[in-house]
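# Commentary on secondary and tertiary structure
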Amino acid sequence: MAKLPPIPWETSIPTHRKLTMKRAGIIIDLRRCIGCHSCSVSCKTEHDIALGDFRNRVRYLEHKDKNTLSFLPQMCMHCQDAPCMNACESQAIIKLENSSVVIDQEKCMGDQTCVSACPYDAIYIDRQTQLADKCDLCTHRTSLGQEPACVNSCPTGALLFGDLDDPQDPVTQFSMSHNAVPFKASEGTKPNVLYVGLEAWMEGANTGIQISPLDDEIIYEQQHKTGANADGKQ
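Quick look at the structure, then.

## A word on the packing of aromatic side chains
- For the coordinates displayed, the defined rule picks out two aromatic pairs.
- Note on Tyr 60 and Phe 71: the rings are 4.8 Å apart at their centroids and 70° apart in plane angle, and the pair reads as edge-to-face. On the criterion of sequence distance, the pair formed by Tyr 60 in strand β2 (residues 57–62) and Phe 71 in strand β3 (residues 69–74) is long-range, its members being eleven residues apart.
- Relative accessible area serves as the criterion here: at 13%, Tyr 60 is assigned to the buried category.

And the structure:
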């Protein structure tokens, strides 16, 4: 197996990031993802996500031509041209100064128009509040100069957080030098979450499952033909 290049935080990224960013984003290096679910588990813990709901999930994708798996973390893409914002009639979805897209829970009416509008299945209706919810890039952390919980918990450095509008940011430089690309680029949403090592077949995979490493029990399954999310047990 070829040796992977050093990830930015091994060399130059400080543990305490700058407080202001023009375009906060996450680079996901699929070559480093081991499907451990640290990102999704830390997200659920950080935000007290209801049982069966996910802001962040990891899909296990089976290769058709070889007996191996690929792992695909997915979350809100924080699109620069966000279809959910245009679909929300109550104007509950707003864009912050750092370009992250968040939901104002006080304005949300839970009408699910944003859920249908999102091409990434990243928005869901919270089972407890009956309001729309999704990843907000951990604004309570990033506003203090900390990384999002998912990035902070990743043991392999597969998730990197930085200012994608700052050419001097090591994460931006890493993104450019390793050809980071959007998921479903054809949607034209200009995401602030980009992938290194993304292959075309991954976007067309109809299902993705998460399996408990203890007993092979399926704990999450997503059917992409209908866009429906099955109940999980995580």
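## Quick look at the pattern of salt bridges
- Counted under the stated rule, the structure contains seven salt bridges.
- When the shortest N-O distance is used, the salt bridge between Asp 165 and Arg 23 registers 3.1 Å. Placement of Asp 165 in the loop between β8 (159–163) and α6 (170–177) and of Arg 23 in the segment before β1 (24–29) is noted, with a sequence separation of 142 residues between them.
- Exposure remark for Arg 23: the relative accessible area of 15% places this residue in the buried category.
- One salt bridge connects Asp 136 with Arg 55, and the closest N-O pair in it is separated by 3.3 Å. Taken together, the residues Asp 136 in the loop between β7 (132–133) and α4 (139–142) and Arg 55 in the loop between α1 (38–47) and β2 connect sequence positions 81 residues apart.
- You can call Asp 136 buried: its relative accessible area is 15%.
- Owing to a relative accessible area of 9%, Arg 55 belongs among the buried residues under this scheme.

## A look at the pairing of strand β9 (residues 193–196)
- What you see with β9 is no split at all: Val 193 and Tyr 195 on one side and Leu 194 and Val 196 on the other are buried throughout.
- Sheet topology note: the β1/β9 ladder contains four bridges and is parallel. Bridging from a neighbouring strand, Ile 26 pairs with Val 193 of β9.

Conventions we followed
Residues numbered from 1 in each chain as written. Predicted model: local features only at pLDDT ≥ 70, side-chain atom pairs only at ≥ 80, totals over all residues. Heavy atoms only, no water. Phe/Tyr/Trp six-rings, centres within 6.5 Å; stacked < 30°, edge-to-face > 60°. Helix = DSSP H or I, 4+ residues; strand = E, 2+ residues; numbered from the N terminus. Buried < 20%, exposed > 50% of the residue type's maximum accessible area, 1.4 Å probe, protein only. Salt bridge = Lys/Arg side-chain N within 4 Å of Asp/Glu carboxyl O. Pairing = 2+ DSSP bridges.

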